[in-house]
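Close look at the chain arrangement
Spelled out from the first residue to the last, the chains are:
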Amino acid sequence: MVNVCCIGAGYVGGPSSAVIAYKCHDVNVTIVDLNQARIDAWNSDELPIYEPGLDEVVFARRGKNLFFSTNVDQAIIDADIIFVSVNTPTKKTGMGAGMAADLAYIETATRRIAQVATSSKIVIEKSTVPCRTAQSMRTILEANSSKNIRFDILSNPEFLAEGTAIKDLTNPDRVLIGCLQTPEGFAAQQKLVDIYTRWIPQERVITMNLWSSELSKLAANALLAQRISSINALSAICEATGADVDEVAYACGTDSRIGPKFLKASVGFGGSCFQKDILNLVYLSEQLFLPEVAAYWKSVVTMNEYQKMRFTHRIVRTLFNTVTHKRIALLGFAFKKDTGDTRESAAITLCSYLIQERANVAVYDPKVSAKQMKMDLTEPGVGTNEAEVEKHIQVCSSAYEACAGADALVICTEWDEFKMEHLDYKKIYESMHKPAFIFDGRLILDGPKLREIGFRVETIGKSV
Ligand code: NAD
Ligand code: UGA
């Protein structure tokens, strides 16, 4: 039996390690975290994260070869292989604040491994980290461990997307494993290859050196986000010229060199990683005295901020330049469909702006709790305080409730249940103040049909 420990029971550690247990019944997987509430939830009927297919995987193996615990030390002692899957958020203070990744969690976990390990381990960087972090981990492990214990470090970045995590983990485009180019490094790499190839074809398990692997993760996210910012930049041109951004994306995407994916214009990308990882790359470039490279990647984030504000201003302008005391129904608060995750969601920027304009915002999201929304809107830096949020935000339990009596409806997240085949937009129209406006920030609605009903429609990337 191989013993695997995963430090960090979050969006990545939880699903990725649970899938190992699901696919390899002879591998013992223990996922540990310092957060007792999170571990309790992993051990309950209601898992701490919503992810299609995750319940099935966890419930099938929990208590058999899949365990969740706060006993970090014991799991380290027992493990042959340790995944470090802790958070690496953007630093809030100190050197590199607002750009560099905060590696404090990585360092604490690494020091813990060095301190308590009583046998040799393969330590795997699963978190997204700046290039050459493995070197720091290695130095810490080697300087703090007891004699006769060996640590081999691998980089195995995660490419899952939220909402499709189980699909991405069971059938990935590729798995990346980087190692030091030494006999010991190759041997450790092979052990991890042997686990993944139990369910993933060999040719999709890519091996390379540690630094390429670390940088490839940042590069992949930067390239994906860059496509979204590119199509969003084009959406502004479309709105001004009468071109249709969906048609432009289709025309470009049919070129096999460009490809059709990740060309959906939107209110702006969100999620915990795109912005953080690009800023990480910007910081790295600056540290390497490459200011032009830093400026190039920074523009991807700048364009995203511009897109969010452009959409928000369009709402206020269209509503006769004032939203004060108007009821705005906001459908969707998660950063994308099929997840309850709200980190960096465009909805937060939108809501906070509308609150500052003294609108009354009625929000509905099928998977985000009222508590989470209020927490997000009162975070430092968001621009709204508790009293304002209490006064101006009403959290609703259905789209119909949010829209009743509203002057405008704004689609923020592309949940399937907001599409025309699922919601009765005629009923919604009848319940709204007139003129009734719709702002489609996700291009999921049929503008001409809505106009037939009587709505005034504003869509990203299409002229009025
Ligand atoms: P998360 O915040 O959901 O989970 C991290 C967990 O680590 C938390 O529960 C925290 O309590 C725990 N933790 C921190 N320090 C610890 C320690 N010393 N000991 C034990 N537990 C500790 O974060 P996440 O979304 O799972 O992301 C983790 C990493 O994976 C990040 O580097 C992120 O960039 C990367 N990543 C995330 C995604 C995604 O979709 N969320 C996808 C690919 C990669
Ligand atoms: C993204 C990457 O897709 C994953 O490969 C990566 O592992 C992960 O980041 C990470 O490192 O955290 P995720 O953020 O979960 O995954 O979700 P995406 O599907 O990439 O969507 C990110 C944001 O971009 C969402 O707000 C989404 O609505 C938006 N988006 C996506 C668009 O606006 N247009 C598109 O065409 C695609």
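Residues numbered from 1 in each chain as written. Chains lettered and ligands numbered in written order. Predicted model: local features only at pLDDT ≥ 70, side-chain atom pairs only at ≥ 80, totals over all residues. Heavy atoms only, no water.

1. Details of the domain arrangement of the chain
Note the threshold: Where a domain begins and ends is set by an automatic assignment or by a domain database. Contacts between residues were defined by any pair of non-hydrogen atoms, one from each residue, lying within 4.5 Å. Once two parts are brought into contact, the accessible area they lose, counted with a 1.4 Å probe and summed over both, makes up the buried area.
Its domain assignment divides the chain into domain 1 (2-200) and domain 2 (273-459). Distance between the C-alpha centres of domain 1 and domain 2: 33 Å. With 19 residues of domain 1 at the contact, the number on the domain 2 side is 17 residues. Approximately 1500 Å² of surface area, both sides summed, lies buried where domain 1 meets domain 2, with 56% of it carried by carbon and sulfur atoms.

2. What to know about the nonpolar core
Using the following cut-off: Nonpolar cores were defined as sets of buried Ala, Val, Leu, Ile, Met, Phe, Trp, Tyr and Cys residues, with membership established by side-chain atoms within 4.5 Å. The classification of residues rests on relative accessible area computed with a 1.4 Å probe and restricted to protein chains. Under 20% of the type maximum is buried, over 50% is exposed, and intermediate values are partly exposed. Here a helix means four or more residues in a row that DSSP labels H or I, a strand means two or more in a row labelled E, and each is numbered from the N terminus.
Leu330, Leu331, Phe333, Tyr425 and Phe455 are the most contacted members of the largest nonpolar core, which totals 64 residues. Here this core gets eight residues from one element, more than from any other, and that element is helix 13 (residues 346-356). Other than its neighbours up to four places away in sequence, Phe333 contacts Thr342, Ser345, Ala347, Ile348, Cys351, Val363, Asp365, Val368, Met373, Asp376, Leu377 and Thr413. Of all hydrophobic cores here, the second largest spans 41 residues; its members include Trp42, Leu66, Ile124 and Trp199.

3. Remarks on the site of ligand 1
Just so we agree on the cut-off: The cutoff for a nearby residue is simple: one of its non-hydrogen atoms must lie within 4 Å of the molecule or strand. A 3.5 Å cut-off defines polar contacts: any pair of N or O atoms within that distance qualifies, except that in protein one atom must be a possible hydrogen donor and the other a possible acceptor, and neighbouring residues in sequence count only when both atoms are side-chain atoms. Nonpolar residues are Ala, Val, Leu, Ile, Met, Phe, Trp, Tyr, Cys and Pro. Charged residues are Asp, Glu, Lys and Arg, and all others, Gly as well, are polar.
Taken together, 25 residues lie around ligand 1, and Asp33, Arg38, Thr88, Glu162 and Lys276 are the ones closest in. With respect to ligand 1, the side chain of Asp33 contributes an N or O atom lying 2.6 Å from an oxygen atom. In this structure, Lys276 approaches ligand 1 through a side-chain N or O atom, which is 2.6 Å from an oxygen atom. Classifying every residue of the shell around ligand 1 gives nine nonpolar, nine polar and seven charged. Shared between two domains, the shell around ligand 1 takes at least three residues from each, and those domains are domain 1 (2-200) and domain 2 (273-459).

4. What to know about the UniProt feature "active site" (unreviewed entry) in the chain
The test is simple: UniProt positions are given in the numbering used here, feature names are shortened, and annotations may be inferred rather than shown by experiment.
In the UniProt entry, the feature "active site" (unreviewed entry) is given for Cys273. With respect to the helices, strands and loops of the structure, Cys273 is situated in the loop between helix 10 (245-253) and helix 11 (274-287). On the accessibility criterion, Cys273 (29% relative accessible area) is partly exposed.

5. A word on the pairing of strand 5 (residues 121-125)
If a strand is regular, its side chains alternate between the two faces of the sheet. Short version of the rule: The handedness rule is simple: strands pointing away from the viewer, and a clockwise path from the first strand over the helix to the second, make the crossover right-handed.
Of all the five residues making up strand 5, five are buried; the element is thus mostly covered by neighbouring parts of the structure. Along strand 5, one buried face is formed by Lys121, Val123 and Glu125 and the opposite face, lined by Ile122 and Ile124, is buried too. Handedness of the strand 4 (residues 81-84)-helix 5 (residues 104-116)-strand 5 crossover: right-handed. For the crossover from strand 5 across helix 6 (residues 133-144) to strand 6 (residues 151-155), the handedness is right-handed.

6. Some thoughts on the side chain of Lys308
Relative to the helices and strands, Lys308 resides in helix 12 (residues 291-318). A distance of 3.2 Å separates a polar atom in the side chain of Lys308 from a polar atom in the side chain of Glu305. In this structure, Lys308 is in contact with Val267, Gly268, Ala346, Thr349 and Leu350, ignoring residues within four places of it in sequence.

7. Considering the environment of Ala399
In this fold, Ala399 is placed in helix 16 (residues 399-403). Along the backbone, Ala399 and His25 are 374 residues apart, and their C-alpha atoms lie at a distance of 43 Å. Sequence-distant contacts of Ala399, that is, excluding residues within four places in its chain, are made with Leu331, Tyr364 and Leu423.

8. Section: the pattern of salt bridges
Close approach of charged atoms allows side chains with opposite charge to pair. So the rule is basically this: Every case where a carboxyl oxygen of Asp or Glu lies within 4 Å of a side-chain nitrogen of Lys or Arg is listed as a salt bridge.
Under the criterion given, the structure shown has 23 salt bridges. Across the salt bridge formed by Glu158 and Lys126, the nearest N and O atoms sit 3.0 Å from each other. One end of the pair, Glu158, is in the loop between strand 6 and helix 7 (165-170); the other, Lys126, is in the loop between strand 5 and helix 6, and 32 residues separate them in sequence. For the pair formed by Glu158 and Lys126, the shared burial category is buried. Its salt-bridge partner being Asp416, residue Lys337 comes within 3.1 Å of it at the nearest N-O pair. Residue Lys337 is found in the loop between strand 9 (327-331) and helix 13, and its partner Asp416 is found in the loop between strand 12 (408-411) and helix 17 (425-431); the two are separated by 79 residues along the sequence. By relative accessible area, Asp416 is classed as partly exposed at 33%. Shared partners join several salt bridges into a network, and the residues in it are Glu239, Arg310, Arg314 and Glu458.

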